[in-house]
Structure formats: structure tokens, C-alpha cells
Amino acid sequence: MNSESQQQAQLRQLPGVNTLLEDMAGDVAALGHARVKQALRDHLSKLRKAIRSGETPKICAETIKAQVITALASLPTSNLMPVFNLTGIVLHSNLGRANLSASAIAAVQAVAQGASNLEFDLTTGKRGDREADIEAIICELTGAEAATVVNNNAAAVLLALNTLAMGHEVPVSRGELVEIGGSFRVPDIMARAGCALREVGTTNRTHLTDYESAIGKNTALLMKVHSSNYRIEGFTATPTEGALADLAADYKIPFMIDLGSGNLIDFKVLGLPEEPTVAHTLQNGADLVTFSGDKLLGGPQAGLIAGRADLIAQLKVNPLKRALRLDKMTLAALIETLKLYRHPEQLHKTLPTLRLITRDLTEIRTQAESLRPHFIEALGSAYHVDVGDALSQIGSGSLPVETLPSAALTIRASSGEDSDLRTLHQALRELPKPVIGRLHDGALRLDIRCLETHESLGLIDQLSELRL
Ligand SMILES: *Cc1c(COP(=O)(O)O)cnc(C)c1O
């Protein structure tokens, strides 16, 4: 133990932050003044703590500087960066959901680079409406009278409820009081929108009469929520959309449906299980339909609201609308994504989300086979690499119980230890473009569905940097 006075002497030896900074001009230029200064402060405070607790760390300005720079330089240069999604979940909420189409990306770049006619009418030379084009194309594709757009579907539901039902009651079936991954819970959104939830029916069965007996003079709206990420099976009952629409009309209140994913085309054409389309839902009598931009639609994060013109007009003048409005880059990406729907027969090529969902199994397997030798070489004898069957999912609550046959690199540890698999998964995540797979059943599975053919090379090239 060194004495109090020895400690004091050591503390006095510590160089000051500004003294250290003085001859670090090069590092400051490369890494940023505030960052380097803060890192030096943190390091010095660690040293002080060590001295006070009786340790005798080596105090040398050169060592301190070197340690701080090494630590800073080893941090990723960007916090938000691309990864390889080999989880088998096409629309992965934690990995950014839909990949944008080439035309959407080009449109984002164009409006990001310079001025645009965002709110400027080129014909009259006067102020324009930022939503005119997007509204027109949503109406064209859904048959809706009017439409508007906000930040995401949660915002769409919030805006609709707040506009049409603040201070009033909204009956919702108990089977539809869902939580969508993360923090979107129907009851919470209703509370924040200022409306009172009136639960009707039971978890598995709700009848038209349950709704009818819940309607009173304080009821503002009927709402139906698509049970996105789960499915109730067996002894179930729920009134048809048509019956609910008629009931709402009888009581002169609007009927709104939160479709969640909400797609625009008939999925059977693509050989996929049916999902309700927005057009069909409106034909069934919904007055308003809300849905996401970055789920099955395959566009940027956004919330779309389509339906009756008088209701949309009310939504547009709610002050919340201004707080939830879309920025120019999202608008540009969304318009270009929607334009692709004018040629639905091309969508399996032009829209990445549908391209990945409809990928040919043989193609995926061949690609996995071609990757296998590269993984065998990179991983050595500590791991076994095979190509196995896999089941991909669409994700983001779209078609939750449907799976898509796929192929995966199935990696097992020669030791049989899960810890070796976790070490490998961690090392894959530390690659320049991190690789995200799935640990399941004693194997690390890298589902190749979402690795487009042209991306194989990029994955192979960085395997030599794997640090195990
Ligand atoms: C996904 C989903 C939401 C939330 O949509 P975001 O675009 O993620 O905000 C709301 N309701 C349902 C039914 C959903 O499936």
C-alpha cells in the first residue's frame, strides 16, 4: 500500500488534458476535438481512481495518448451501418425492414442532394401541397376517395383515433387488443389518442351483437385491428368487415381498420397465401384503412391512411398531422415504390421485398452450395459447415404462421459446445459488414434467402478477416 503522500505525488504527476492535447493535432483532425478530449478525460479519471484505490499505474504521457487513440480508433466509424440479414426473416424490424428498390433509392438521392418542388407548384409558381402526388397515387392503387401519409402506421392509428374519437369511446374486440413487436399496444395508443377503449367480446369469439350493445351516444368510431403477429385458431368467431361496416353506418359512425401490413396486390398471383388488400378492405365498407409503408408494401417507413374524403380532410387539419408529417426523402421513396405497383406483374423483379419473398428455392440452395467451400476454408476444423433446409419467414407481423422453404448454411461446432457457436456468431457480427444469422437447435444457421446473388462475393471477400 502506498501512503497518502505517495498517492498525492502520483496524482500530481498526471498530465493535464490540455497538455496532452497540445501535440495531438493529427489525432484531433482525424477523430474530432471533442471526442479526443472526452476520451482523455475519461482515461485520466480512471487513472486517478486507480491511484486512490492504492494501485500504482505507470504514468507516462506517451502511453496515455497511445491507449486513448487505440481505443477511439477501434470503435466503428459509423453507428448505423449495413449488415447481411441471414436470419431468414425478410422484413426484420431490428434490421430495418424493407430494402428499397433501385428507383426509390435514386429518388431519395435526388431530393436529398438539392432543392426540390416539395411544396412548390411548378405550374402556378405558388406554394404547393406536399402530399398532392402521393395522395393521387394511393387513390389510384386502392380505389380510395382520399389519402394521407404520416411517419409510420402507429402514427396513422394515433392520428385517426385522436381526430375522430378524442374524448369518446371506441369499441374494440378483446381478440384484437394486440401488441406489435416493441412498443405498439392498441390500448396504449388509444389512451394517448385521448379515447376510451371499450372492450367487447372475448379473446376468441366476438359477435356483431357484442359491438352493437357497446355502442352508445358517446361512441365515436368502430375499429378493427388486423391480428398481425399471431393467429387465433379453433373455436373462434368475428363479424365480417361488411357486417361491421353496416353496423357503423346504421349508427352513423365511421368504421376504421388497422390493416398493419396491408398489401396492394393479390398475393395469390405470386403463389403466396392470401392477405387482405387495401382495395378489398375499402370495398368491404371500411371508411378508413391504415397500413405500413415498410412491411409488405416494400417501401420506406411510413404510415398510409386511405378512405373517405371527409374523414381524411379532418385528419389533415389536426395539429398532430404537422408533427407526424413525412420528410421529402421518405415521400420520394414512397412515391417511387408505389409507382412500381402500376406494373404488378414485374413486382417480383422490381421490388426487393417481393423479390426476396418469391425467390426460387433451387436458386437459394445453389447459392448456399457455392458459399459452403468458402466457409469451410475460413472456419477450419473447429466447425462443420453443411447446406440444410430452412424455413424463412416474411416477418414484421405479415403472414405470421406462413413459412417459406429456404436453404441455409448450417454450422455446427466440432466440440459440440454452444459457446463455440456463440463465439463464431460474435466474430461474424464483428466483420466490416456484420453477418447476422440465427442460433437454433445446436447450430448457427445462415439463411441465404436474403443474400441476393450479387452479394455473395462481398460476403466471401470479408471471410478472410474473420477473427476466431
Ligand atoms: C406493424 C403494425 C402496426 C405498427 O406499424 P408501424 O409502421 O411499425 O408503426 C400497427 N398495427 C398493426 C396491426 C401492425 O401490424
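Data block above holds the structure.
Residues numbered from 1 in each chain as written. Predicted model: local features only at pLDDT ≥ 70, side-chain atom pairs only at ≥ 80, totals over all residues. Heavy atoms only, no water.

A. Geometry of the overall build of the protein chain. For the protein chain, the helix and strand inventory stands at 20 helices and 15 strands. Counting across all 468 residues of the protein chain, residues that qualify as buried make up 48%. When the 46 basic and 53 acidic side-chain charges of the protein chain are each reduced to a single mean position, those positions are 6 Å apart. (Helix = DSSP H or I, 4+ residues; strand = E, 2+ residues; numbered from the N terminus. Buried < 20%, exposed > 50% of the residue type's maximum accessible area, 1.4 Å probe, protein only. Lys, Arg positive; Asp, Glu negative; His and termini not counted. Charge placed at Lys NZ, Arg CZ, Asp CG, Glu CD.)

B. Spatial organisation of unusual backbone geometry. A positive phi angle is found at K252, which is not glycine, with a value near 55 degrees. With respect to the helices and strands, K252 occurs in the loop between α11 (241–250) and β8 (255–260). Given the relative accessible area of 75%, K252 is considered exposed. Within the chain, D441 stands out as a residue other than glycine whose phi angle is a positive 60 degrees. With respect to the helices and strands, D441 occurs in the loop between β14 (438–440) and β15 (443–447).

C. Structural view of the packing of helix α4 (residues 33–52) against helix α5 (residues 61–73). Contact geometry of α4 with α5 gives a least axis separation of 10 Å together with a crossing angle of 120 degrees. Here α4 is positioned oblique relative to α5, judged by the angle of their axes. Considering only the axes of α4 and α5, their crossing is right-handed. Facing α4, whose interface residues are R35, V36, A39, L40, H43, L44 and L47, α5 presents I64, Q67, V68 and L72. Looking at the contact of α4 with α5 residue by residue, the class counts come to 8 nonpolar, 2 polar and 1 charged. (Axes fitted to C-alpha atoms, helices over the stretch in contact; angles between N-to-C directions. Parallel < 35°, antiparallel > 145°, perpendicular 65-115°, else oblique. Left-handed = near helix turned anticlockwise from the far one by under 90°. Contact = heavy atoms within 4.5 Å. Nonpolar A, V, L, I, M, F, W, Y, C, P; charged D, E, K, R; others polar.)

D. Structural view of the nonpolar core. With 54 residues, the main nonpolar core has L222, L304, L334 and L338 as its most contacted residues. Composition of this core by domain shows at least three residues from each of domain 2 (84–93 + 356–465) and domain 3 (102–350). The contact partners of L222, leaving out residues within four places of it in the chain, are P171, Y211, I215, L244, L247, A248, I253, P254, F255 and M256. Within the second largest apolar cluster, 32 residues are counted, among which are A160, F184, L288 and L324. (Core = buried A, V, L, I, M, F, W, Y, C linked by side-chain atoms within 4.5 Å. Domains from an automatic or database assignment.)

E. Representation of the sheet that holds β8. Here we have 5 strands laid out as an open sheet, ordered β2-β10-β9-β8-β7, and mixed in their pairing. In the strand order of this sheet, the two ends are held by β2 (146–150) and β7 (222–225), each with one partner. Going from strand to strand, the sheet's axes swing by 15 degrees on average, the running direction of each strand aside. Relative to β2, helix α7 (residues 132–142) is tilted by about 120 degrees, and along the sheet it contacts β2 and β10 (303–307). Each of β2, β9 (288–292) and β10 touches helix α13 (residues 309–317); the most contacted strand, β2, lies at about 30 degrees to it. (Pairing = 2+ DSSP bridges.)

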